[in-house]
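Results of the structural survey
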Amino acid sequence: MSESSRSEPPGPSGNIEIEKISDIRDSTLNIAGRDVIHIDHVVIGDQASIGLKALARLLDNSPQLREVVFASRTRLEVIKRQIDKIADYKDIHDLLHQLQYSCYNMIRREETNFPDLPTLEVLGSYEMNMGNILVRLRAVEGRRQVHASELGWIGEVEEAQALLQKAIDFSHPDRAALGRCIWFLMRIINRFPSLINQSLLKEARDLDLQGLLETLQKIAPTAEDTSQDVTSVSEFIDGLNAMDKLNQHLFNLTGSHDSWQKLELEFVQFEEMLETEPSFLKFSWDELILPRLNGLLQGQDPEQAKGLIIARDNLDQEMVSPNAGRIPTLLRMLRRETGIRFFQADVDLKALCDELRKVAQPLEGIINRINT
């Protein structure tokens, strides 16, 4: 048992507490543990992958090209490791969602009917779900891309599975074991998805996809000059164009995500002032929140942003002669609109992380070719 799980769990009646509204929205749109993926990202990811596979083929028939690529092998290896790490964080992110929706939520649903025989049988299927998730979590852990300090809670998943196995023993059903299983799962889901999400987004921000693009662009002239395989060269060049678009998506999405996140932090301080320092409210709104919000609205389709614009204008008008009774209501309306957009930026960025892994496999093929 990990040190973090030593404290005595409460009974099974405790309710999961989701800290952020974005987690609630995520749960409604990501029930299967997969994010919404926009079609342009998918096409670009596939095109980039095809381009790298074409480069791998070109290497087989061009010693000169092989030599040029070999000179860049260190950068290629570093970027490959970065993408692998992002992919593993994304896998953990998805598996935690599956743990919630395929295990925790379903077990809680059956709790009131325990230990009826049909309930024991159904709980057995959820125990199998948990086992499958554990196998995949241990596989990610075994790749050692994510530091062990971020994965200590996997042991708690194992404990939850063992407790569920004990609870559904047909000869001696154990309600106390079921309660402890639920407590462990609730604890994991309350704490670790947000931490893994933070690490995933940090790695996405730090990814040097621009460096990979620049390296491949320097290789392109040699590929064109030394190869007779016109089709593969053309696919490689198309792949570079796709990689450029992928890089732009990553740059734009990380920037958008950071901007919405900063606005959320301003709102937190604004709400604190509403309770403790109302005299500073208008200053905070005029100097901090409104300029940042207006900046985020620049370039957006007015029709699509209509709800946000109305919520902004309503609160802006109220700030002229603040009415303490109306401000909280108008602020909630505005935060709902901004929260939706913050969440969408989060979903888009994680969806792009899925696309990046399409680049990793052919990149590994190139590295293996030049190192042999």
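Residues numbered from 1 in each chain as written. Predicted model: local features only at pLDDT ≥ 70, side-chain atom pairs only at ≥ 80, totals over all residues. Heavy atoms only, no water.

1. Observations concerning the packing of helix α10 (residues 281-297) against helix α11 (residues 306-318)
Interhelical geometry of α10 versus α11 gives an angle of 165° and a closest axis separation of 12 Å. For the element pair α10 / α11, the angle class is roughly antiparallel. The element α10 and its partner α11 pack so that their crossing is left-handed. Seen from α10, the contacting residues are Trp 285, Leu 290, Leu 293, Asn 294 and Leu 297; seen from α11, they are Leu 308, Ile 309, Arg 312, Leu 315 and Asp 316. (Axes fitted to C-alpha atoms, helices over the stretch in contact; angles between N-to-C directions. Helix = DSSP H or I, 4+ residues; strand = E, 2+ residues; numbered from the N terminus. Parallel < 35°, antiparallel > 145°, perpendicular 65-115°, else oblique. Left-handed = near helix turned anticlockwise from the far one by under 90°. Contact = heavy atoms within 4.5 Å.)

2. Quick notes on the confidence of the model for the protein
For the protein, the mean per-residue pLDDT works out to 86, and 88% of the residues sit at or above 70. Within the protein, no element has a lower average pLDDT than helix α1 (residues 21-29), which sits at 34, and none a higher one than helix α6 (residues 154-167), at 97. Long-range and interchain partners of residues 1-39, a stretch whose pLDDT sits below 50, account for 78 contacts in this model, where long-range means more than four residues apart. (pLDDT = per-residue confidence, 0-100.)

3. Considering the pattern of salt bridges
Side-chain pairing between opposite charges can occur once the charged atoms of the two side chains come close. Counted by the stated rule, this structure contains 30 salt bridges. Notably, a salt bridge pairs Glu 235 with Arg 57, separated by 2.7 Å at the nearest N-O pair. Residue Glu 235 is found in helix α9 (residues 230-276), and its partner Arg 57 is found in helix α2 (residues 39-59); the two are separated by 178 residues along the sequence. Overall, Glu 235 belongs to the partly exposed group, its relative accessible area being 26%. Residue Arg 57 is classed as partly exposed on the basis of its relative accessible area, which comes to 36%. (Salt bridge = Lys/Arg side-chain N within 4 Å of Asp/Glu carboxyl O. Buried < 20%, exposed > 50% of the residue type's maximum accessible area, 1.4 Å probe, protein only.)

4. Structural notes on the side chain of Ser 232
By secondary structure assignment, the location of Ser 232 is in helix α9. Its relative accessible area of 2% is what places Ser 232 among the buried residues. When sequence neighbours within four positions are dropped, the list of residues in contact with Ser 232 reads Ala 54, Arg 57 and Leu 58.

5. Details of the packing of aromatic side chains
For the structure on display, the rule yields 3 aromatic pairs. With 5.0 Å between their ring centres and 70° between their planes, Trp 183 and Phe 184 make a pair best called edge-to-face. Trp 183 gets classed as buried once you look at its relative accessible area, which sits at 9%. On the basis of relative accessible area, Phe 184 is assigned to the buried category, the value being 1%. Taken together, a centroid distance of 6.3 Å and an interplanar angle of 55° make the contact between Phe 270 and Trp 285 tilted. Of this pair, Phe 270 sits in helix α9 while Trp 285 sits in helix α10, and the two are 15 residues apart along the sequence. Comparing Phe 270 with Trp 285, the two get one shared label, buried. (Phe/Tyr/Trp six-rings, centres within 6.5 Å; stacked < 30°, edge-to-face > 60°.)

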